[in-house]
Amino acid sequence: TDTGRVRFWEGGGSDTFSTPAESGVVAETAITDSSVTVAVVRHGLVRNIGDLADMTGSAGDISPESLAADAVLGNERTFTNDFMIALATAATDVGTSGADATHDDFADALYTLEIADNPSGPVFCAFAGRQLADWQESLRAEGGALHLMPAVGEMLKFKGQGFSGEMLGVQVWKFSHVVDDSTDFQGGMWTPGAFGFKIGIPNAPLGGSGVAVRMDELMIEYTRTANQALTEVAANSWYGISLLEQARVVGIVTDN
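Residues numbered from 1 in each chain as written. Predicted model: local features only at pLDDT ≥ 70, side-chain atom pairs only at ≥ 80, totals over all residues. Heavy atoms only, no water.

1. Focus: the environment of L87
Following the sequence through the fold, L87 ends up in helix α2 (residues 64-87). Residue classification places L87 among the buried positions, given a relative accessible area of 1%. The spacing of L87 and E65 is 22 residues in sequence and 34 Å in space, taken between C-alpha atoms. Excluding residues within four positions of it along the chain, L87 makes contact with A126, Q186, G187, G188, W190, F195 and V249. (Helix = DSSP H or I, 4+ residues; strand = E, 2+ residues; numbered from the N terminus. Buried < 20%, exposed > 50% of the residue type's maximum accessible area, 1.4 Å probe, protein only. Contact = heavy atoms within 4.5 Å.)

2. Comments concerning the pattern of salt bridges
One pass over the structure, following the stated rule, counts six salt bridges. Measuring nitrogen to oxygen at the nearest pair gives 3.1 Å for the salt bridge that ties K157 to E154. The partly exposed category is assigned to K157, whose relative accessible area is 45%. We note a salt bridge from R248 to E245, for which the minimum N-O separation is 2.9 Å. Of the residues examined, E245 reaches a relative accessible area of 25% and is grouped as partly exposed. (Salt bridge = Lys/Arg side-chain N within 4 Å of Asp/Glu carboxyl O.)

3. Quick notes on the packing of aromatic side chains
Per the stated rule, a full pass over the model turns up 10 aromatic pairs. With a centroid separation of 5.6 Å and 85 degrees between ring planes, the pair formed by F79 and F197 is classed as edge-to-face. Of this pair, F79 sits in helix α2 while F197 is found in strand β9 (residues 195-200), placing the two residues 118 residues apart along the sequence. Residue F197 is classed as exposed on the basis of its relative accessible area, which comes to 53%. Every member of this aromatic cluster is reached through a ring pair, and the members are F83, F124, W190 and F195. Stacked on the ring of F158, the Lys or Arg K174 has its end atom at 6.0 Å from the ring centre. (Phe/Tyr/Trp six-rings, centres within 6.5 Å; stacked < 30°, edge-to-face > 60°. Lys NZ or Arg CZ within 6 Å of the ring centre and 35° of its normal.)

Shown next as structure tokens:
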């Protein structure tokens, strides 16, 4: 099947024992369970390059190999984009629509995860560039013990894409793929286990009319069209991402 099902039940010692009388009968405690589905979807990218374009390029220029390498990066970007779409489905949000992101929003998200009894461990936060910059501006105005923390000074430095640093035990990441609904960015904060994904790879033969390279979740194939002197580079990947537990995630919705 292209759809996987993840089951949950309230285990982990969540139910306490009753105190029956000696020889008394203990009533059954029903199991509370639920499930979430993760559906695999095909993603694809195809490009063609002519022989003349290939042979007239310089080293490191456009070639079938560079197109294939770019497809690997493109697959990673697509995975990140799909992950951000899943993040935007968080049922609980903090922040104010149409208003800049503030440190209060960041703290509210952290407190929301604490109130939901998330386990200790790494906490992650995804911000769009606008959200990160607004949060940095808010951090500049913070007083008290917060402004003495070395992490604040590090967080105020210029940030590129990707990992931006750690603040109050939260790993902060900057992504250009955070969902933008034309009014707000829909960033968020989460703990491990909030999301799940399923990956597939076909059992297609390696060879035939072209050359195929099978990776963990990506298939790249080169096919020649001799009568046009073209090389086609086709990349396909199969995966799906779903938000598994709402209690492990909170959206941070602020203006764009």
